[in-house]
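# Residue-level structure breakdown
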Amino acid sequence: MIEPWRILRRHLTIFSRTFWTNTMFNFFEPFLYLTAMGYGLGAFVQEMEGISYMEYIAPGIVASSAMFAATFECTYGSFVRLHYQKTFHAILAGPVTVRDIIIAEALFGMIKCVVFGAVILLVIAVMGQVRSSLALLIPLFLILPGLFFSLMAVTYTCLAPNIDYFNYYITLFVTPLYLFGGVFFPLTGMPVWAQKLAWFNPLSHSVEVCRALALGQPAWPTIGEHVLWFFIGSALLLAPPIHLMRRRLIQ
Amino acid sequence: MSCVVRAERLSKSYGSLRAVRDISFAINEGECFGFLGHNGAGKSTTLKMIYGLSTVDQGGLWLFDQKITLTPPSLKARLGVVPQEDNLDPDLTVLENLTVFGALFGLSSQEGKARATEYLQFWGLDDKVNVSPDELSGGLKRRLVIARALMNRPRLLILDEPTTGLDPQARHLVWQKLRLLKSEGISLVLTTHYMEEARQLCDRLVIMEAGQILAEGSPEQLVQEHVLPYVIEVHLPQSQVPAAVVDQVRAYGGQVETVADSLFFFAHDGNDLWSRLESWGLPPKVCHLRSAHLEDVYLKLTGTTSEEEKR
Ligand SMILES: Nc1ncnc2c1ncn2[C@@H]1O[C@H](COP(=O)(O)OP(=O)(O)OP(=O)(O)O)[C@@H](O)[C@H]1O
Ligand SMILES: [Mg+2]
């Protein structure tokens, strides 16, 4: 099981070199949402579920930017490695299998998810939007959604014929998750069927955990359920990309 | 003698296209083995089955005496792979391309760096250590790909068209280095379109066409077995060659081959045939006498029909 780690070292070599530019770029958009919605909309929405609107959305922005970090890495990033740079073909000349490559992709996406989630967490903490030191558990928790979103994205990457297909993935799939993931408003205001559907939205689970930890009001059994959701989801998502990528790389 | 690679009635299809058909060959330890053939003959497909980017469809393939359908990591650890298209990592420097790849084999960073430095020097890349591979010329890129393939000190180095697109100097340099590697005991298998490359490097080679092996042997053997020792090239369009000459050459005991509208006369005694041509109405100044070589064998075996007709 050391092979994925060896492959990951390649990705991390590059990541460490571009860390600052990468972080600045990834930091900007969530920050924009946070200020626009938090201050702008927050001026009209006095309170949401008993807390200020800014406090309400801030942990959700952490969860969603973490999702986007993993998603972008394992869609555009993975596709460039797969298709344009033929990195996977080159790596396969070494003593590794396609499985190792997929695991390394998922780990890399997970690391980006955790790192960017932590960066945004730091930002909202500095802005005074974190109430509890339990928030320090958020980066640890983000490992799970990190793996899940990475595996989901890399599965799509295995199927994408060209890079334009990722527009569909983002706009038709990830953006709805973002808008209806409980980041900006509670899902309890929606029709019952929509609330039921939200259970399938991975981001909603991540948002709830992040919010509970940031506010210092975790209901541990509920958190356990969300964690379990990601565990099972990730386990189910491990085999498909391995199979699909094998078909794509090996004739 | 032990074989590093052995294939028995090996086949591979892409859908309905039979890219490799029932080929058998054996590559001995320490030798350089070549695959010669047209575009689409099935050379890369054969190599990919050996280095693990393709599965075996039918027949048997043995690598270091182990039967495989898809090369497992334990065997890949003993191979060096130079694919047909350079796939260097543009996000890494020249040096990192080697060290990061070496790390895949479990080399420590110290070991990796030492080996990388050694091979960069060997391939004349030591002044490019910290540049991006994108900045290298085609020839230097190719050398870097070969250097990378050596990082794990392979027992078998697989080269898919190692020198295609290189200038003659660069090509000779690569040949020189490959011969040096061979003298160190590394077995080589390569594909090529260049007869000169096959002649310079290969102990034995096969000529492939449309997925099949047409002939096998050392370059000298192939020349001996398939063509007569001398050739006269006729540098005239066939329409301007007196019609009777071809029959006269045949009656004389020579062989006639047509390649892309050019005539080639093969004979045991080149000078003797040469001296008769003028009397048969063919002026010597449009003819060229030389000894036969590998290209003649290749053209004779593959040149007459097009790829599509054969399939
Ligand atoms: N992935 C693939 N899918 C479908 N057909 C393929 C694939 N790869 C190769 N082929 C076909 O298989 C045949 C053999 O291809 P191969 O690449 O082995 O030839 P080659 O001898 O290496 O040719 P070249 O000298 O051009 O590199 C060709 O007809 C090619 O079009
Ligand atoms: Mg080829």
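Keep in mind it's a predicted model, so treat the numbers as computed, not measured.

## Some points on the overall build of chain A
When you go through chain A residue by residue, the secondary structure sums to 10 helices and 0 strands. Starting at the N terminus and ending at the C terminus, chain A contains elements arranged as α-α-α-α-α-α-α-α-α-α. What you see for chain A is a C-alpha radius of gyration of 18 Å, in line with the 18 Å of a compact globule of 251 residues. In terms of principal-axis extent, the alpha carbons of chain A reach across some 60 × 40 × 35 Å. Relative to its 251 residues, chain A shows a buried fraction of 55%. For chain A, restricting intrachain contacts to residue pairs at least 6 apart in sequence, the fraction spanning at least 24 positions comes to 80%. Approximately 11,200 Å² of chain A is accessible, and the part contributed by carbon and sulfur atoms is 71%. If the 14 positive side-chain charges of chain A are averaged to one point and the 11 negative ones to another, these points end up 13 Å apart.

## Some details on the interface of chain A and chain B
Every contact between the two is made by 22 residues of chain A and, on the other side, 26 residues of chain B. Across the interface of chain A and chain B, roughly 2,100 Å² is buried in total on both sides, 60% from carbon and sulfur atoms. Of all residues in chain A, R6, P95 and Q251 of chain A give up the largest surface area on contact with chain B, accounting jointly for 29% of the area buried on that side. Joining chain A to chain B, the criterion identifies 3 salt bridges. Across the pair D89 of chain B and R10 of chain A runs a salt bridge, and its minimum N-O distance is 2.4 Å. Where chain A meets chain B, there are 10 residue pairs in polar contact (both at pLDDT 80 or more). Where the side of chain A that touches chain B is concerned, the elements lending two or more residues are α1 (3-17) and α4 (87-92) of chain A.

## Details of the pattern of salt bridges
Under the counting rule described, the total for this entry stands at 21 salt bridges over all chains. Across the pair E96 of chain B and R17 of chain A runs a salt bridge, and its minimum N-O distance is 2.5 Å. Pair noted here: E96 of chain B is in helix α3 (residues 94-104) and R17 of chain A is in helix α1, and the two residues belong to different chains. Taking relative accessible area as the criterion, E96 of chain B reaches 18% and is therefore assigned buried. Across the salt bridge formed by E196 of chain B and R199 of chain B, the nearest N and O atoms sit 3.0 Å from each other. Of this pair, E196 of chain B and R199 of chain B both sit in helix α7 (residues 195-201), separated by 3 residues, roughly a single helical turn. When its relative accessible area of 33% is taken as the criterion, E196 of chain B is described as partly exposed.

## Structural notes on empty space enclosed by the protein
Counted by the stated rule, this structure contains 2 cavities of 30 Å³ or more. Roughly 130 Å³ of internal volume is contained in the largest cavity. Contributing to the lining of the largest cavity are 14 residues, with A90 and I91 of chain A together with D89, V100 and F101 of chain B lying nearest its centre. Among the elements that take part in the lining of the largest cavity, α3 of chain B stands out by supplying 4 residues, more than any other. When the residues that make up the lining of the largest cavity are grouped by side-chain class, the tally is 7 nonpolar, 4 polar and 3 charged.

## Points about the site of ligand 1
Around ligand 1, 15 residues are found, and the nearest of them are N39, G40, K43, S44 and T45 of chain B. Near ligand 1, the surrounding residues belong to chains A and B. For ligand 1, an oxygen atom lies 2.7 Å from a polar atom in the backbone of G40 of chain B. The contact in question runs from an oxygen atom of ligand 1 to an N or O atom on the side chain of Q84 of chain B, over 2.9 Å. Broken down by secondary-structure element, the contributors of at least two residues to the shell around ligand 1 are β2 (17-28) and α1 (43-51) of chain B. Each residue belonging to the shell around ligand 1 can be placed in one class, and the counts come to 4 nonpolar, 9 polar and 2 charged.

## Examining the coordination of the magnesium ion (ligand 2)
Protein-derived ligands of the magnesium ion (ligand 2) are S44 of chain B (OG) and Q84 of chain B (OE1), with the metal-ligand distances lying across 1.9 to 2.1 Å. One end of the pair, S44 of chain B, is in helix α1; the other, Q84 of chain B, is in the loop between β6 (79-82) and α3, with 40 residues separating them in the sequence.

Each value, and the rule that gives it
Residues numbered from 1 in each chain as written. Chains lettered and ligands numbered in written order. Predicted model: local features only at pLDDT ≥ 70, side-chain atom pairs only at ≥ 80, totals over all residues. Heavy atoms only, no water. Helix = DSSP H or I, 4+ residues; strand = E, 2+ residues; numbered from the N terminus. Rg over C-alpha atoms; globule rule 2.2 N^0.38 Å. Buried < 20%, exposed > 50% of the residue type's maximum accessible area, 1.4 Å probe, protein only. Contact = heavy atoms within 4.5 Å. Areas by Shrake-Rupley, 256 points an atom, 1.4 Å probe, with all protein chains shown as cover. Lys, Arg positive; Asp, Glu negative; His and termini not counted. Charge placed at Lys NZ, Arg CZ, Asp CG, Glu CD. Buried area = accessible area lost by both parts, 1.4 Å probe. Salt bridge = Lys/Arg side-chain N within 4 Å of Asp/Glu carboxyl O. Polar contact = N/O pair within 3.5 Å; in protein donor to acceptor, adjacent residues only side chain to side chain. 1 Å grid on protein atoms, 1.4 Å probe; cavity = no way out; pocket = protein on both sides within 12 Å on 5 of 7 lines; lining within 4 Å. Points joined across faces, edges and corners; volume = space filled by probe spheres on them. Nonpolar A, V, L, I, M, F, W, Y, C, P; charged D, E, K, R; others polar. Near = heavy atom within 4 Å. Donors = N, O, S within 2.8 Å, 3.2 Å for Na, K, Ca; no water.

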